[in-house]
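Read off the chains here:
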Amino acid sequence: MTQPQREGFTGSDRSFMGEEELHLTSVGVDIGSSTSHLVFSALELERRNTRYVIVKRTIIRESDILLTPYVDDGATIDAAALGAFIDAQYRATGLRREQIDTGALILTGVAVRRHNARAIAELFAQEAGKFVAVSAGDGLEAAMAAHGSGAVAESEKTHGVVMNIDIGGGTSKVAVCQGGKTLEVTALDAGARLLAFDEEDRIVRIEEAGRFYASEAGVSVELGATLSEDEKQAIAGKMVDRLMEVVLRNGVSDETKGLLRLPELSYEGAVGTVIFSGGVSEFVYGYDKKSYGDLGPLLARTMRQRVGELGAMLMAPTAGIRATVVGASQYTVQVSGSTIFISPIESVPIRNIPVMTPEFDLTGDDIDSDAVANAVRAGLTRLDLHDADTAGAIRFPTGGAAPIRRSPAASGGAGRPRSSGWTHSRAARHPP
């Protein structure tokens, strides 16, 4: 494959200040409960005032899809097999690691719970390019899936509320989108591969949540056993029951609360459009009819039968099974700032620092500290940082010139930017 012609971004002698356009090469890497894959993209960013926004994304190559390899009876992700797969995809694309400017590697679903998950993420982050961020967690995955599926863009285009439901191998993520933003997200233990079967239809994998749903359906599950189609359908039906509780937002049962991986949705308004993404979405829309030794087709069929209860228009996604990885390849790209203040200067370079933007208004004279705190907590939840003990950054949008009394200097900080339209990010090792 001919390598894309592009001007390098990551050179030490390169400055983007004053440039009207930026051209970046991005990679998104998704290691999920069921499948692992990559998307290589060429991104075009256009300068608008002091910000650069993505105006065009061209997919260079979508990788093959690999069933995520496990060893030790599913307790450990096979890092060697994943590494060989990713190396092969780079070679097929015709790109070297040093040609990658940005992107993200994410571990999703039950894959993130494997005991060597973080070590794998760090390993691949070092190999995938120095501007690639490592992320893992249900909140960020839900947001990325909503971007990749087109739900965020649709909410901006129509000014309506769009719900994205991403059903994967181990978890289902829900994002409520409005005005080109994700308002809130949640996630539930419900997915196609909570039970998995071999070529002879014998059970070869049972996740804890899979055992719960089977018990609820009155079905006994053990490794090596076989299930009838009616028993499989009963288990899939229980998963859909729990997921519908979450998306209908009429209150969830204590049993469903025990399956939630994030707080339940608080949005009470109407939803105009619903989009499905994730591996199960391929069956929801009839794009795939092949069996992969799991409950995917049964989950999809039941979900399709009940989607009318949402009272919303069903829309096809921009990307289905690849929604998360497509979102990852562009969601992390933000370039902005007319003035940047950093102290002490010895603290840079800083890499793999997540940046969160709380949703609150700073344009008025009076600031409600409780509203600010709640917005920060909600933002941290979206990025899976609510329980984190790692460095992070909080971006405070001022909507113009910041009053001096609100600047870091006025509150005893080290200094403040000296031009209007500034954005201040403060590193927080222990987020509020």
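Here, the structure is the one placed above.
Positions within a chain are numbered from 1, following the residues in the order the chain's sequence is written. At least 70 in pLDDT is required for a residue's local features to be given in this predicted model, at least 80 for side-chain atom pairs to be given and counted, and no such filter applies to totals for whole chains, interfaces and linings, which use all residues. The side-chain quantities take in all heavy atoms of the structure and omit both hydrogens and water.

### Some remarks on the sheet that holds strand E15 (residues 313-315)
What the 5 strands build is an open sheet, ordered E11-E10-E9-E14-E15; its pairing is mixed. Across the chains shown, the open sheet's two edge strands, defined by having one partner strand only, are strand E11 (181-188) and E15. Strand-to-strand, the axes of this sheet are offset by a mean angle of 20°, without reference to chain direction. As paired elements, strand E9 (residues 161-167) and strand E14 (residues 273-277) share 5 bridges and run parallel to each other. When the bridges of E14 are listed, Ile-165 appears paired with Phe-276. At least two bridges found by DSSP between two strands is the condition for calling them paired. Elements are defined by DSSP. Helices are runs of H or I of four residues or more, strands are runs of E of two residues or more, and each kind is numbered from the N terminus. Convention adopted: a line fitted to C-alpha atoms gives each axis, helices being fitted over their contacting stretch, and angles between N-to-C directions are expressed from 0 to 180 degrees.

### Points about the pairing of strand E1 (residues 21-31)
With a 1.4 Å probe rolled over the protein chains alone, any residue whose accessible area is under 20% of its type maximum counts as buried; one over 50% counts as exposed, and the rest are partly exposed. Taken across its 11 residues, E1 has 9 buried, putting it largely inside the fold. As defined by bridge partners, E1 adjoins strand E2 (residues 35-48) across 11 bridges and the pair is classed as antiparallel. Each bridged residue has a counterpart across the sheet, and for Leu-24 the counterpart in E2 is Leu-43.

### Quick notes on the packing of helix H6 (residues 229-248) against helix H9 (residues 296-306)
In a packed pair of helices, the relevant descriptors are the angle between the two axes and the axis-to-axis distance. Closest axis-to-axis distance for the H6/H9 pair is 9 Å, and the angle between their directions is 50°. With respect to each other, H6 and H9 are oriented oblique. Here the hand of the crossing between H6 and H9 comes out right-handed. Across the interface between the two elements, Glu-229, Lys-232, Gln-233, Ala-236, Gly-237, Met-239, Val-240, Asp-241, Leu-243 and Met-244 of H6 pack against Leu-298, Leu-299, Arg-301, Thr-302, Met-303 and Arg-306 of H9. Classes in brief: Ala, Val, Leu, Ile, Met, Phe, Trp, Tyr, Cys and Pro nonpolar; Asp, Glu, Lys and Arg charged; the others, Gly included, polar. A breakdown of the residues in the contact of H6 with H9 according to their chemical character gives 8 nonpolar, 3 polar and 5 charged. Throughout this description, any angle smaller than 35 degrees is read as roughly parallel, any larger than 145 degrees as roughly antiparallel, any in the 65 to 115 degree range as roughly perpendicular, and the remainder as oblique. Here a crossing is called left-handed whenever its near helix is offset anticlockwise from the far helix by less than a right angle, and right-handed whenever the offset is clockwise. Contact definition: two residues touch when any of their heavy atoms are within 4.5 Å.

So far we have only geometry, and geometry alone does not tell us how the molecule works.
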